[in-house]
Amino acid sequence: MDASPPGDGPRLQPIAYPAISGNVTETVDAVVIGSGAGGAVVAKELAEGGLSVVVIEEGAYFAREDYADGTPWELLGKLYREGGLTVALGFPFVPIPLGKAVGGTTVVNSGTCFRPPDRVLHDWERRWGIEGIDTVTLEPIFRRVEEVISVQPAPWEIMGKNAEVFDRGVKALGYHGQPIHRNIDGCRGCGVCAYGCPSDAKRAMHLSYLPRAAAHGARIYACCRARRVLVEDGRAVGVEADILDAAGDEIRGRLRVRAAVVVLAAGAIHTPALLMANGLALDSGQVGRNLRIHPSVGVSAAFEEETYSWRGMLQSYYVDDLQESHGVLLEVTSLLPGTSAASAQEVGPKLKEALALSRYLASVGLFVSDSSKGHILRGLGRDWWTSPTILYGLGQDDTDRLLRGIALAAEVFLAAGAVAVFTGIRGLAPVTDRQSLRRLQKFSLRAEQLTPAGFHPMGTCRMGGDPAVSVVGPYGEAHAVRNLFVADASVFPSCVGVNPQVTIMAFATRTAFHILERGG
Ligand SMILES: Cc1cc2nc3c(=O)[nH]c(=O)nc-3n(C[C@H](O)[C@H](O)[C@H](O)COP(=O)(O)OP(=O)(O)OC[C@H]3O[C@@H](n4cnc5c(N)ncnc54)[C@H](O)[C@@H]3O)c2cc1C
């Protein structure tokens, strides 16, 4: 690990209570709800394009010093919605962790960057009528995004032994693996990206796009929760938001922003909830439906050698041999021993034994491009839209493909010299040799035996040319409400099949350019 002192990224000065309270009014060209991968990008591009912009973000603003202060559990409480315990109901339940901060989920994400696969863009263009998203047309947009967030391959020196052992197995079997591209500058490989980058190395939105937006005059409101989208004569004309105290518990005032353009970028769970609560763009019946989560599971393995898998990058190396055929992507991901204790599925002395093994473990995560669907429903209470109900059922086809990925991970670990592979499948003994690997490959897996997570929710306000089956048009404008745009993970017509932040940013850039081209 690099022992040089941490870097110091640009600082923002968002407007928040107690500096504001009571009734606050703004009149601007564009108001953006949410400051994550979608919202921050739109804000920067519109502000740079000469529009006056207000960004409204429910979460608070955190800087590097704030992450040093607290255990991982405390940081979950600070940086994540509902302390990271947002969950989709189904069999099994699936955690859907969501960031809530200036910078959105990018503040806590792993920094992995992929462009979307060509075949996915092709499908969206052909099947959904979204023009101009072929790889050639999008090339300058991807380059623009990657330049702003500083995308580069993970350097081997700080990837850690977790990646080294996996690469050893991959090479022994002749599979294809390589370092992941990440949005980093000066990364020290400390592996705690999910609790905020303590080096300011991960170029999350609060360190990349938002400072540029602010430099061009965008005004960023933190701890402000948008409640109403104002619509007159079928056109969006502004937003009303609650000014919250720093804890987000008490309403301290009301922010009213009049704007010619309203951009919703509250994420794939809350953007549809806001539309539903406001009774907007519901004609197609698709708002809140078609939720994809790119479900992931983890596989770990014990070695005779010490691995200290948490020393090094959190997410470092990928294997894509099953990507084209099965939509399965393996990503070497380490876990902090304390936070991964729950996945040991043990208590008491057995949990102690499992934790003592930590320094001999290596781990990998795998994602499947899901065809299973979930949806967002009204929740309980007057302000249900702040915490909507999420349903998701992991189907058998996706479960089978997850099994393919788990078996591939087990095969690689064995080839790397693992003495036991823990598949994460409830009720299945560890894989220790070729024979138990074959048993795993032929196993009849049921979804309830897995403990998946959904780090990449998307698809709940899908984009398309046909208003009968999509919520927003090819550039993100709601079919049913003029000047109301959606620019976050909600707009994807299907699972993008890779970690989505770069695709979200590229689509948000495209939407912003469209708004500018038509003159705001
Ligand atoms: C632990 C973790 C690791 C991840 N790792 C990666 C990775 O390595 N690579 C990758 O590509 N993706 C990763 N992701 C996913 C990625 O970060 C998200 O897909 C992406 O940030 C989503 O962008 P978004 O704009 O749709 O929403 P978000 O980034 O979630 O932003 C939405 C923002 O809107 C705010 N908001 C919601 N409601 C309101 C309201 N009513 N008023 C005002 N503000 C509101 C929220 O507080 C939030 O800040 C990860 C996710 C998690 C949880």
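Residues numbered from 1 in each chain as written. Predicted model: local features only at pLDDT ≥ 70, side-chain atom pairs only at ≥ 80, totals over all residues. Heavy atoms only, no water.

**Q** Please provide a residue-by-residue account of the nonpolar core, values included.
**A** Ranked by internal contacts, the top residues of the largest apolar core, which has 98 residues, are Ile-56, Trp-124 and Leu-484. Top element by residues in this core is helix H13 (residues 501-517). It accounts for eight residues. Each of domain 1 (22-81 + 96-150 + 188-287 + 458-517) and domain 2 (156-181 + 296-369 + 395-449) contributes no fewer than three residues to this core. Those residues in contact with Trp-124 that sit more than four places away from it in its chain are Gly-129, Ile-130, Ile-133, Phe-492, Pro-493, Ser-494, Val-496, Thr-503 and Phe-507. Judged by nonpolar contacts, the second largest core, of 57 residues, contains Val-364, Ala-407, Phe-413 and Leu-437. (Core = buried A, V, L, I, M, F, W, Y, C linked by side-chain atoms within 4.5 Å. Buried < 20%, exposed > 50% of the residue type's maximum accessible area, 1.4 Å probe, protein only. Helix = DSSP H or I, 4+ residues; strand = E, 2+ residues; numbered from the N terminus. Domains from an automatic or database assignment. Contact = heavy atoms within 4.5 Å.)

**Q** Please give an account of the site of the ligand that cites residues and values.
**A** Looking at the ligand, there are 40 residues lining it, with Glu-57, Thr-105, Thr-112, Ala-226 and Gln-501 nearest. Gly-38 is positioned with one of its backbone polar atoms (N or O) 2.9 Å from an oxygen atom of the ligand. Burial of the ligand by the protein amounts to 96% of the accessible area it has alone, namely 1,000 Å². Among the secondary structure elements, those contributing two or more residues to the shell around the ligand are strand E10 (224-232), helix H8 (267-278) and H13. When its residues are assigned to classes, the shell around the ligand shows 17 nonpolar, 17 polar and six charged. (Near = heavy atom within 4 Å. Polar contact = N/O pair within 3.5 Å; in protein donor to acceptor, adjacent residues only side chain to side chain. Areas by Shrake-Rupley, 256 points an atom, 1.4 Å probe, with all protein chains shown as cover. Nonpolar A, V, L, I, M, F, W, Y, C, P; charged D, E, K, R; others polar.)

**Q** Can you break down the environment of Gln-152 residue by residue, with the values?
**A** Following the sequence through the fold, Gln-152 ends up in strand E6 (residues 151-153). Dropping the residues within four chain positions of it, Gln-152 is found in contact with Ile-180, His-181, Arg-182, Ile-184 and Asp-185. Polar contacts involving the side chain of Gln-152 include one to the main-chain carbonyl oxygen of Ile-184, which spans 2.7 Å.

**Q** Help me get a handle on the pattern of salt bridges, residues and values and all.
**A** Here the structure, examined in full by the defined rule, presents 34 salt bridges. A salt bridge links Glu-232 to Arg-258; the shortest N-O distance between them is 3.0 Å. Taken as a pair, Glu-232 in strand E10 and Arg-258 in strand E12 (residues 251-264) lie far apart in primary sequence, 26 residues in all. The partly exposed category is assigned to Glu-232, whose relative accessible area is 39%. On the basis of relative accessibility, which here comes to 29%, the residue Arg-258 falls in the partly exposed class. Among the ionic pairs, Arg-482 bridges to Glu-477, the shortest N-O distance being 3.5 Å. Three or more residues joined by partner-sharing salt bridges are found here, namely Arg-227, Arg-228, Glu-240, Asp-242, Arg-254, Arg-256 and Asp-383. (Salt bridge = Lys/Arg side-chain N within 4 Å of Asp/Glu carboxyl O.)

**Q** Now, about the sheet that holds strand E5 (residues 112-113): what can you tell me, with residues and values included?
**A** Reading across from one edge, E5-E8-E6 is the order of the three strands in this open sheet, with antiparallel pairing throughout. Both edges of this open sheet fall to E5 and E6, since each of them pairs with a single strand only. (Pairing = 2+ DSSP bridges.)

**Q** Tell me about helix H12 (residues 434-441), and name the residues and values.
**A** Taken residue by residue, H12 has Ser-436, Leu-437 and Leu-440 as its buried positions. Along the axis of H12, the buried residues cluster in a sector spanning 105 degrees; they form a single face. H12 presents Gln-435 and Arg-439 as exposed residues on the side facing more than 90 degrees away from its buried surface. Its buried side turned inward, H12 meets helix H11 (396-415). (Arc of directions from axis to C-beta.)

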